[in-house]
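Read off the chains here:
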Amino acid sequence: VEASVPEPQREAWRKHSAREFNTSDQFEDAVVRHIETTLARSLYNVDESGAYAGTALAFRDRLVIEWNRTQQNQTSADQKRVYYLSLEFLMGRALDNAMLNVGMKDVARKGLDELGFRMEDIIDQERDAALGNGGLGRLAACFLDSLATLNYPAWGYGLRYRYGIFRQEIVNGYQMEVPDYWLEFNPWEFPRHDVTVDVQFYGTIRKYMDDSGKQHTAWENGEIVTAVAYDAPIPGYGTTTTNNLRLWSSKASHGEFDFTKFNSGEYEASVADTQRAETISAVLYPNDSLDRGKELRLKQQYFWCAASLFDIVRRFKKSKKAWSDFPNQVAIQLNDTHPTLAIPELLRILIDIEGLEWDEAWSIVQKTFSYTNHTVLPEALEKWSVPLVQNLLPRHLQIIYDINLQFLQFVERNFPKDRDMLSRVSIIEESQPKMVRMAYLAVIGSHKVNGVAELHSDLIKTTIFKDFVKIHGPDKFTNVTNGITPRRWLHQANFRLSELIASKLGGYDYLNDLTLLHKLENYVDDKDFRKEFQDIKYANKLRLARYIKEAQGITVNPASLFDIQVKRIHEYKRQQLNIFGVIHRYLELKEMSPADRKKAQPRVSIFGGKAAPGYWMAKTIIHLINQVSEVVNNDKDIGDALKVVFLEDYNVSKAEIIVPASDISEHISTAGTEASGTSNMKFVLNGGLIIGTCDGANIEITREVGEDNIFLFGNLSEDVEDLRHAHYYSGLNIDPSLQRVFDEIRNGMFGDAGQFSSLVNSITDHGDYYLVSDDFKSYVETQKLIDEAYKNQEEWLTKTITVVARMGFFSSDRCIEEYAQEIWNTEPVVPPAKPQNGA
Ligand code: H53
């Protein structure tokens, strides 16, 4: 919006400008005012949800003041901005985070108490913003927190789904999906009805020449859908910088109705148009690491890329700078290949609309974009069929072909002897139908490509992008090992531990520089510190035990060893290995004498995670876990020696209760399949040890915490190919203990065996692609070592303290600094000082 108040009236504005609350009294003023006016309720009809709304609105006011100030300040600083394009932002709850980041939680607690409410109950009223599936979406959320905390001028761009990831219900042991309509009350977003972009689909291409004889291309006669911006403030921790997350919502370009259609009697057609437009941003696709190739998904991708690029270019053009300056003002990070269409879209804007020549436009594009790869799994690599793209985005397909032609000519000139190279690296796969390989387009259109952990970044260079390393040189490929924000995953989720650490480190500086944690090593032998550390872990386990009782009706003993695996359900993550291990433990316990059973280390095996609705094998794994839970928990012989829990509807806010409560967590993917993993970092930062394979970030965690403080097992990634080969040619080598587990499943110990045959057969009869049989023995042996180690509580405690002290590397702040220096070439913007009047 361009209009601004003339100078003579500005004084009046400044005088009345909004004030931030600073005391609990002022906070109460704000809460009561919002409850009485914004919500039209009173002290006679305000419940916890009303008190949550009032509190959220009071904090929202505060954030908005900082947010406006940040945006003004960043604009006048005129520095390069970062745009993080992600189809997923798994934010979780906002209130607690806002209170802690602006440092006002104590003020609010006192205020709420005086108004008759308990802080914890109020926080619990908020629904998660669950606009993501798993690690990739949560990483984007951690990065936003770090970008704001480090004062980088950065925006997130995504889609405002009306339905986030489905809510999972377990009915008779099966997963059911329930829609997550989360927008009923969302005080954290601001609709910007004045910030819209018209996005075109379908249509035709017309080539023409202007008076000067220059060739032009026009994309015409398409269908228009309007993107409306919804903004959410992202407060940094301990800074006034408040960045913006802009999510696009789709609506019909003609508003509610197309009145021409309406007036000519086509009422239904008009409504149908409207609904079709709104469908684009209606729902998050619930697949994690799996590409399904649905047209609506491609529409979502283009809709979001086109709106975001238009917005970025619009902002740049206001500066009146030359186009050659674009990459000095704009860095765009592609979170996976989902936003790859932004590459041909920027070319289209620069060439078709702004009239630049190809070479100049291409050079701008390459300098602007960089791409993060999150997987090498073939089923997750996006490909779009050429006929689909041709129909939906005819101009973009032409541009993609042009990019490919230039690229292949370059390859041909430089690698004349490698005859197969051209077909291997072509953006277009010569299949039936032809397919556009999005990862190749992303690599070619970017100046940097990064993987998300060392092993993964090495693997992409030797597998999926091997040829591109030869073509572009190795420097284009780099590594940025993932991280997590210590604000949410320590300070917020485990406040007592955060407080204890602060008491030893002389304050909370470590939340801004996590490497300071190393000083905790000075306290490993400090008796009082140890006691308090142990008490906190116990309290966190007790809290989880209460939650398990309340949510699943299962009683667990908090003195047991808590063994947790929470993440999306996927064959490569191998929850099946875990549950087979649990069954093995159960069988062993059954065979013991009651006296021996008493001596066994009691354990609670906790699982949680969603399966993609169409992923049958993953759903079967959930079913098996629930059946095992049913049998084991009701077996009178077993008692506390073993409990099995499947926690329904795992999400970010539940993770905040689960993560601080682990003794052991499981990160047991087949070597070479988990790009990084990030929950491994969360658990260790909270004083839990891990059992894991040599995969993803587990390897770097081992390097940091020391081999003695982690339980590694299983085959290495370099052996995976040979093992699969051996399965194929010489069959499997199934350990008798695993065979026994299969036999009991097939004998119906856990209900109708037919239900589980596809799962068991995938191992015994279909090649055991994920190497469960190869790793089972060392997995079970390592679990035994864990039981033994846990018995020595003093040594265990030493390990858990030590690992926390050594987790400094895994802050997402470190990631953002690496991206800023190695990839974006950006600097922070110093936040403005607060005006004296508090406004
Ligand atoms: O991204 C995480 C990694 C994790 C990886 C995950 C991921 C998705 O959540 C979705 C799609 C995809 O290709 C990868 O599986 O290993 O930690 C963040 O980088």
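Draft legend 1. Fine view of the nonpolar core. Core analysis: the largest hydrophobic core is formed by 224 residues, its most contacted members being Trp248, Ile403, Phe465, Leu544 and Phe580. The greatest single-element share of this core, amounting to eleven residues, is contributed by helix 10 (residues 295-318). Among the domains, domain 1 (78-93 + 128-479) and domain 2 (553-796) are the pair contributing at least three residues each to this core. Not counting the four nearest positions on each side in its chain, Phe465 is found in contact with Tyr371, Asn373, Ala439, Tyr440, Val443, Val449, Ile460 and Phe477. Among the nonpolar cores identified, the runner-up in size contains 23 residues, and Ala56, Ala58, Phe59 and Trp188 belong to it.

Draft legend 2. Highlighting empty space enclosed by the protein. Applying the stated criterion to the full structure yields five cavities of 30 Å³ or more. Quantified by volume, the second largest cavity comes out at close to 40 Å³. Lining the second largest cavity, in full, are Asp288, Leu290, Arg568, Ile569, His570, Lys610, Ala611, Ala612 and Tyr615. Across the lining of the second largest cavity, the residue classes tally to five nonpolar, one polar and three charged.

Draft legend 3. Structural detail: the layout of surface pockets. Here the second largest pocket is characterised by a volume of approximately 1,300 Å³. The wall of the second largest pocket is formed by 37 residues, among which Arg93, Ile123, Asp124, Ser653 and Ile657 lie closest to the centre. Sorting the residues of the lining of the second largest pocket by element identifies helix 5 (105-115), helix 6 (119-123), helix 21 (495-505), helix 22 (527-552) and helix 26 (652-658) as the ones contributing at least two each. In terms of domain composition, the lining of the second largest pocket takes at least three residues from each of domain 1 (78-93 + 128-479) and domain 2 (553-796).

Draft legend 4. Main features of the sheet that holds strand 16 (residues 435-437). Here three strands make up an open sheet; going across it, the order is 14-16-15 and the pairing antiparallel. This sheet does not close on itself; its edge strands, each paired only once, are strand 14 (383-385) and strand 15 (428-429).

Draft legend 5. Summary view of the sheet that holds strand 10 (residues 223-235). Pairing is mixed across the open sheet formed by nine strands, whose spatial order is 7-10-11-4-1-12-13-17-18. Edge strands, defined here as strands with exactly one partner in the open sheet, are strand 7 (190-201) and strand 18 (477-479). If you compare each strand with its neighbour and ignore which way they point, the axes differ by 25° on average. Pairing of strand 13 (residues 369-372) with strand 17 (residues 448-451), which is carried by three bridges, proceeds in the parallel orientation. Pairing of Thr372 across the sheet is with Asn450, part of strand 17. The strands touched by helix 10 within the sheet are strand 1 (81-85), strand 4 (154-159), strand 7, strand 10, strand 11 (242-252) and strand 12 (330-335), with strand 7 carrying the most contacts at an inclination of about 115°.

Draft legend 6. Expanded view of a nonpolar patch on the surface. On the surface, Phe259, Phe262 and Tyr267 cluster together to form a nonpolar patch covering roughly 310 Å² of accessible area. Secondary-structure assignment places Tyr267 in helix 9 (residues 267-279).

Draft legend 7. Spatial organisation of the domain arrangement of the chain. Each assigned domain of the chain is listed with its residue range as follows: domain 1 (78-93 + 128-479) and domain 2 (553-796). Centre-to-centre separation of domain 1 and domain 2, based on C-alpha positions: 36 Å. Contact residues are listed per partner, giving 36 residues for domain 1 and 38 residues for domain 2. Where domain 1 abuts domain 2, roughly 2,800 Å² becomes buried across the two surfaces, and 53% of that area is made up of carbon and sulfur atoms. On the domain 1 side of the interface with domain 2, the three residues burying the most area are Gln168, Gln175 and Leu455, jointly 20% of the side's total. Counting across the domain 1 and domain 2 interface gives two salt bridges. Close ionic contact of Glu454 with Arg703 constitutes a salt bridge, the shortest N to O distance being 2.9 Å. For the pair domain 1 and domain 2, the number of links is 14 residue pairs in polar contact (both at pLDDT 80 or more).

Draft legend 8. How the structure looks around a negative patch on the surface. On the surface, a cluster of negative charge is made up of Glu718, Asp719, Glu721 and Asp722. Along the chain, the position of Asp722 falls in helix 29 (residues 717-730). We classify Asp722 as exposed; its relative accessible area is 56%.

Draft legend 9. Representation of the packing of helix 12 (residues 342-353) against helix 13 (residues 358-368) within the structure. Helix 13 packs onto helix 12 with a crossing angle of 140° between their chain directions and a minimal axis gap of 9 Å. Judged by the inter-axis angle, helix 12 sits oblique to helix 13. Our pair here, helix 12 against helix 13, has a crossing hand that is right-handed. Where helix 12 approaches helix 13, its residues Ile343, Leu346, Leu347, Leu350 and Ile351 are matched on the opposing element by Trp358, Ala361, Trp362, Ile364, Val365 and Thr368. Split by residue class, the contact of helix 12 with helix 13 holds ten nonpolar, one polar and no charged.

Draft legend 10. Region of interest: the pattern of salt bridges. For the coordinates displayed, the defined rule picks out 61 salt bridges. Here Lys573 and Glu674 are joined by a salt bridge, their closest N and O atoms 2.8 Å apart. Of this pair, Lys573 sits in the loop between strand 19 (561-566) and helix 23 (575-591) while Glu674 sits in the loop between strand 22 (664-667) and helix 27 (679-685), placing them 101 residues apart in sequence. A relative accessible area of 9% means that Lys573 is categorised as buried.

Conventions used here
Residues numbered from 1 in each chain as written. Predicted model: local features only at pLDDT ≥ 70, side-chain atom pairs only at ≥ 80, totals over all residues. Heavy atoms only, no water. Core = buried A, V, L, I, M, F, W, Y, C linked by side-chain atoms within 4.5 Å. Buried < 20%, exposed > 50% of the residue type's maximum accessible area, 1.4 Å probe, protein only. Helix = DSSP H or I, 4+ residues; strand = E, 2+ residues; numbered from the N terminus. Domains from an automatic or database assignment. Contact = heavy atoms within 4.5 Å. 1 Å grid on protein atoms, 1.4 Å probe; cavity = no way out; pocket = protein on both sides within 12 Å on 5 of 7 lines; lining within 4 Å. Points joined across faces, edges and corners; volume = space filled by probe spheres on them. Nonpolar A, V, L, I, M, F, W, Y, C, P; charged D, E, K, R; others polar. Pairing = 2+ DSSP bridges. Axes fitted to C-alpha atoms, helices over the stretch in contact; angles between N-to-C directions. Patch = residues over 30% accessible without salt bridge, like charges linked within 9 Å, V, L, I, M, F, W, Y side chains within 5 Å. Areas by Shrake-Rupley, 256 points an atom, 1.4 Å probe, with all protein chains shown as cover. Salt bridge = Lys/Arg side-chain N within 4 Å of Asp/Glu carboxyl O. Buried area = accessible area lost by both parts, 1.4 Å probe. Polar contact = N/O pair within 3.5 Å; in protein donor to acceptor, adjacent residues only side chain to side chain. Lys, Arg positive; Asp, Glu negative; His and termini not counted. Charge placed at Lys NZ, Arg CZ, Asp CG, Glu CD. Parallel < 35°, antiparallel > 145°, perpendicular 65-115°, else oblique. Left-handed = near helix turned anticlockwise from the far one by under 90°.

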